Amino acid sequence: MKFLYSSAALLLVTAAQALCPYAERALQDPSFLKRHLEKQESSQDEAANEKRQSGPGGIPFTTFDKNQLIDVTGDHAWKAPGPNDLRGPCPGLNALANHGYFPRSGVVPLTVGATATNQVYGLAINFGLPLSVYATLVDGDVVGDTWSIGGKQPQTVTSPILGAGDGLSGSHNKYESDASPGRGDYYLFNGDVSSLRVKKFKALYDLQKNKPVPNYNLDVLIQHRKYTFDDSKNTNPYFFFEPFAGVAVANAAHTFIPALFSNHSTQYPNGLLDKQTLKSFFAITEAADGTLSYKPGYERIPNNWYRRPLGAVNEYTPASFAQDLVKIAAVVPEAVSVGGNTGKVNSFTGVDLGDITGGAYHTTDLRNPTKFVCYFYQITLALVPDFLRSEALGSALGSALNLLHSKIDPFVDPKCAKIANYNDTFASKFPGGAIGQP
Ligand code: HEM
C-alpha cells in the first residue's frame, strides 16, 4: 500500500514536471509557486489588455505616435475653477475647462464642444457634435449657441427672454440620468447630480484591487455597470431610465471611461487605464491609508497622458458605442431598456420602446448596432423638438429647429426609420419620470 502511494506521488511529480518546467521547485517551495503564478497572471493581464482595448469593431489600434500627447502646459496648464466658473456631472468636460481646452468659465460654444472633445480625447465628431447640439438646444442658450457644463449659465444680451438654459447640472431626465457611474441619483441626493459619490467611485476602484496590472477596461466597466444599475434599482424608489439620458447617455458615461480616459503608449498602443489616471480624471486623491477623497471641480488630465489615435478607424463613434452596448446588454439587459421603479425599490418595469417611438424602434433594436446608431440620431431629432416646444421660445423656436436639422441630418443614414410620433406619456407612469424631479 505504502509502495502504491509513493509510486503515485512519483508519477504526479513527473507528470507535473513534464507540464511545467518549474514544477519541481514549486513543489518544494510554495512561495516560489505563488510568485510564479502572480507573474503568469500579470502577463495574461497584459495580453488581455492588449486584446480588449481597441478601436471600433474590436480592431486593435496599430499605431502609437508621440503626437497623441495632450499638452497640459502654458495655456493648457491645469487651474482650479474660480468662484464663478461652472463645473458639473461630466468629468471629461470639467477637465477640458480646467485645462483651457474649453472656456474656463464652463460656458461652451457649440462647435468647441465637438472640436475639443475630438482633439483632446478622440471622440468622433459624429458623436461629439450631436452631444453638443443636444446640450445647446435642451439645456443651453439656443440663440447664442452656447451651453453650460455645470449649472445655469449667465444671461447675455443674446439669450432668449426666458433665460439661457439650466446647464448639464439642471438637466435631470433630459441629459443627466440616474444610475451614473459615479454621480448619485437625483432623488437620493436632493437634486445634487453633479457631485461624485465616493462610495460609487470606490466600488469601481476596488474592482482592480491587488491586480498586478490594474486596468479599468470595458469588461471592468461592465461589471461596474451592473453595480450602478442594481444600486439605483435597489435604493431609489424613483429610479427612472429615459430613452436618451438613460439608455444612451448613462451607458455611454460608463463606456467613455475606458474608451476615452485610457493612456496610450508604445507598450500599450490600445490603451491602459491605471489607478492614477482614473483618480486624476475623477478629482480623487488617496491617502496613505487608502482613504479616497474627492475635491469637486479638480478633474485633471495627467502629465504624460496620450489620447487614442485620431482618424476614422480609431476615434470613438456612435458605432463603437453601439458595439460596447451589446456587451453591456449581455450582462445587464435592463440597462439597455427604458423604464423605472414604480415608487418602491426593486420594482423596475420596462416599457416597450415601440410604444414610445410609434413603432419605429423596439427595445431589442437597441442591441443591434446598426439600428442603435439610427436610434441614437433619430431619438435626438424626436426629443429635442419635444423639449423645445415645452419652453415657449417664441420666434427662437424656428431657428432652433433649423439648427438641429442642419447639424444632425448629415450624419443620418436615409435608410434609418424616422420617429414620426414620439409619445412621451409613458414617463407619467413612473413617479421619477418628470423632468428635473422628484
Ligand atoms: C459634448 C460632449 C459631452 C457631453 C454633452 C457630456 C455630457 C455628460 C452628461 C450629461 C453626463 C451625466 C450622465 C449621467 O447622469 O449619467 C456625463 C457623464 C459623464 N461623462 Fe460626459 N459628456 C460629453 C463628453 C464626454 C467625454 C469626452 C468624456 C470622457 C473623456 C466624458 C466622460 C463622462 C463620464 C466618465 C461621465 C460619468 C461621470 C460620473 O458618473 O461620475 N464625457 N457627461
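One structure accompanies this document, and this report is about it.

Rules used throughout
- Residues numbered from 1 in each chain as written.
- Predicted model: local features only at pLDDT ≥ 70, side-chain atom pairs only at ≥ 80, totals over all residues.
- Heavy atoms only, no water.
- Helix = DSSP H or I, 4+ residues; strand = E, 2+ residues; numbered from the N terminus.
- Buried < 20%, exposed > 50% of the residue type's maximum accessible area, 1.4 Å probe, protein only.
- Contact = heavy atoms within 4.5 Å.
- Patch = residues over 30% accessible without salt bridge, like charges linked within 9 Å, V, L, I, M, F, W, Y side chains within 5 Å.
- Areas by Shrake-Rupley, 256 points an atom, 1.4 Å probe, with all protein chains shown as cover.
- Salt bridge = Lys/Arg side-chain N within 4 Å of Asp/Glu carboxyl O.
- 1 Å grid on protein atoms, 1.4 Å probe; cavity = no way out; pocket = protein on both sides within 12 Å on 5 of 7 lines; lining within 4 Å.
- Points joined across faces, edges and corners; volume = space filled by probe spheres on them.
- Nonpolar A, V, L, I, M, F, W, Y, C, P; charged D, E, K, R; others polar.
- Donors = N, O, S within 2.8 Å, 3.2 Å for Na, K, Ca; no water.
- Phe/Tyr/Trp six-rings, centres within 6.5 Å; stacked < 30°, edge-to-face > 60°.
- Lys NZ or Arg CZ within 6 Å of the ring centre and 35° of its normal.
- Core = buried A, V, L, I, M, F, W, Y, C linked by side-chain atoms within 4.5 Å.

1. Concerning the overall build of the protein
Within the protein, the regular secondary structure consists of 14 helices and seven strands. Within the protein, the fraction of its 438 residues that count as buried is 53%. Taking as baseline every contact in the protein between residues at least 6 positions apart, the subset at least 24 positions apart corresponds to 68%.

2. As for a nonpolar patch on the surface
Nonpolar side chains collect at one region of the surface, where Tyr 187, Leu 188 and Phe 189 lie side by side and expose about 230 Å² of accessible area between them. For Tyr 187, the position within the fold is in the loop between β2 (146-148) and α7 (198-205).

3. A closer look at empty space enclosed by the protein
With the rule as written, the count across this model stands at one cavity of 30 Å³ or more. What the largest cavity holds in volume is close to 730 Å³. If you trace the largest cavity, you find 37 residues lining it, with Cys 90, Leu 93, Val 249, Ala 253 and Phe 256 closest to the centre. At the level of secondary structure, the elements contributing two or more residues to the lining of the largest cavity comprise α4 (91-98), α5 (110-121), α6 (125-139) and α9 (245-261). Looking at the lining of the largest cavity element by element, the count peaks at nine residues for α9. Across the lining of the largest cavity, the residue classes break down as 26 nonpolar, nine polar and two charged.

4. Examining the coordination of the iron atom of the ligand
With respect to protein ligation, the iron atom of the ligand binds only Cys 90 (SG), at 2.3 Å. Along the polypeptide, Cys 90 turns up in the loop between α3 (30-52) and α4.

5. Considering the packing of aromatic side chains
Counted according to the given criterion, the structure contains 34 aromatic pairs. A centroid spacing of 4.1 Å and a plane angle of 10 degrees characterise the contact between Phe 261 and Phe 281, whose relative ring orientation is stacked. Here the residue Phe 261 occupies a position in helix α9, and Phe 281 occupies one in helix α10 (residues 275-281), the gap between them amounting to 20 residues. Their ring planes at 20 degrees and their centres at 5.9 Å tell us that Tyr 377 and Phe 411 sit as a pair that is stacked. Of this pair, Tyr 377 sits in helix α13 (residues 369-389) while Phe 411 is found in the segment after α14 (396-408), placing the two residues 34 residues apart along the sequence. Over the ring of Phe 189 we find Arg 197, and its NZ or CZ is 3.9 Å from the ring centre.

6. Considering the side chain of Asn 98
Position of Asn 98 among the secondary structure elements: in helix α4. On the basis of relative accessible area, Asn 98 is assigned to the buried category, the value being 0%.

7. Let's talk about the pattern of salt bridges
Pairs may arise between side chains of opposite charge once their charged atoms sit close together. Counted according to the given criterion, the structure contains nine salt bridges. Asp 413 is paired through a salt bridge with Lys 415; the nearest N and O atoms lie 3.8 Å apart.

8. Concerning the nonpolar core
Here is a general trend for soluble globular proteins: nonpolar side chains tend to be buried in one another's company. Grouped together as the largest cluster of nonpolar side chains are 105 residues, with contacts concentrated most on Tyr 121, Leu 137, Phe 244, Leu 278, Ile 301 and Phe 372. With twelve residues, the top contributor of residues to this core is α13.

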